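# Structure assessment
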Amino acid sequence: MKKIKMVALALSICLGCAVKTPVYAQEYDQMLVEAEDLNGELPDGWIIDDMGNYSNLETGEYFKWVTNERGSVAKKFEFYIRYSVTSPKFIVDSTSVTIKSSAHLVDKYGVWHSKEGGFKYQIHFSAGLFGTNLNFNTEGKESGVINNLTKGGSYTIRIGTGESLPYDKDGDELYLEGNGTVTNN
């Protein structure tokens, strides 16, 4: 009986690790996960200030809240990333939101670069493990609606490139720089 309990415990631990490990192993270096999700630890180089803004002093990447809005706009944000970044949690006052975003490719000096057909990026809106992906393109301002939310619920957004960013003529990887809003409907 004792052996069965030990095997069951070992199997539970293995299954728990199998479910969690792939997410963190694959995305730990590429994604800024919330501090509380990693027991208060941020990936190397990342810091968070008391306003909930993330920045990486080594790469210059960041995610920041522009203002803490009242009324219909739940949040305004800006980002400058290579791969992806996840926001701190925030509250929405509606069962539906509209996310608008505009972004462009820039080099390390801030010079804009274009790509034929634009460059696709995603904004993932979630309350935990599951959420909704919205697809955007660097050509113009785009928007998407997310329904069936919990009014007063706590959510995050993850902005990601989904693929490697292109390189400039000198062989340096470009960054995705942009901004957006989350508006209560």
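Our subject is the structure that appears above.
Residues numbered from 1 in each chain as written. Predicted model: local features only at pLDDT ≥ 70, side-chain atom pairs only at ≥ 80, totals over all residues. Heavy atoms only, no water.

## What about the overall build of the protein chain?
- When helices and strands are tallied, the protein chain shows one helix and 14 strands.
- With 185 residues in all, the protein chain has 40% of them scored as buried.
- Sequence separation of at least 24 residues holds for 63% of the intrachain contacts in the protein chain that already meet a minimum separation of 6.
- Total accessible area on the protein chain stands at roughly 11000 Å², and carbon and sulfur atoms take up 53% of it. (Helix = DSSP H or I, 4+ residues; strand = E, 2+ residues; numbered from the N terminus. Buried < 20%, exposed > 50% of the residue type's maximum accessible area, 1.4 Å probe, protein only. Contact = heavy atoms within 4.5 Å. Areas by Shrake-Rupley, 256 points an atom, 1.4 Å probe, with all protein chains shown as cover.)

## Notes on unusual backbone geometry
- Phi is positive for Asn 148, close to 60 degrees, though the residue is something other than glycine.
- With respect to the helices and strands, Asn 148 occurs in the loop between strand 12 (142-146) and strand 13 (154-160).

## Observations concerning the side chain of Asn 137
- When you line up the elements, Asn 137 lands in strand 11 (residues 131-137).
- Once residues lying within four places of it in the same chain are set aside, the contact partners of Asn 137 are Gly 117, Gly 118, Phe 119, Lys 120, Tyr 121 and Glu 142.

## What about the nonpolar core?
- Phe 77, Phe 79, Val 92, Ile 99, Phe 125, Ile 159 and Val 182 are the most contacted members of the largest nonpolar core, which has 30 residues in total.
- Elements that contribute at least two residues to this core include exactly strand 4 (62-67), strand 5 (73-81), strand 8 (97-106), strand 10 (120-126), strand 11, strand 13 and strand 14 (175-184).
- Beyond its immediate chain neighbours, meaning those up to four positions away, Phe 125 contacts Phe 90, Val 92, Val 97, Ile 99, Gly 131, Thr 132, Ile 146, Leu 149, Tyr 155, Thr 156, Ile 157 and Val 182. (Core = buried A, V, L, I, M, F, W, Y, C linked by side-chain atoms within 4.5 Å.)

## So, the pairing of strand 4
- The sheet contact formed by strand 3 (residues 54-56) and strand 4 spans two bridges and is antiparallel. Across the sheet, Tyr 54 pairs through a bridge with Phe 63, a residue of strand 4.
- Counting the residues that bridge the hairpin from strand 3 to strand 4 gives five residues, and of these Gly 60 lies at a positive phi of roughly 85 degrees.
- As judged from the five bridges shared by strand 4 and strand 5, these two strands associate in the antiparallel manner. (Pairing = 2+ DSSP bridges.)

## Notes on the pattern of salt bridges
- Evaluated as defined, the whole model comprises three salt bridges.
- The residue Glu 78 makes a salt bridge to Lys 64 at a minimum N-O spacing of 3.5 Å. Placement of Glu 78 in strand 5 and of Lys 64 in strand 4 is noted, with a sequence separation of 14 residues between them.
- Taking relative accessible area as the criterion, Glu 78 reaches 26% and is therefore assigned partly exposed. (Salt bridge = Lys/Arg side-chain N within 4 Å of Asp/Glu carboxyl O.)

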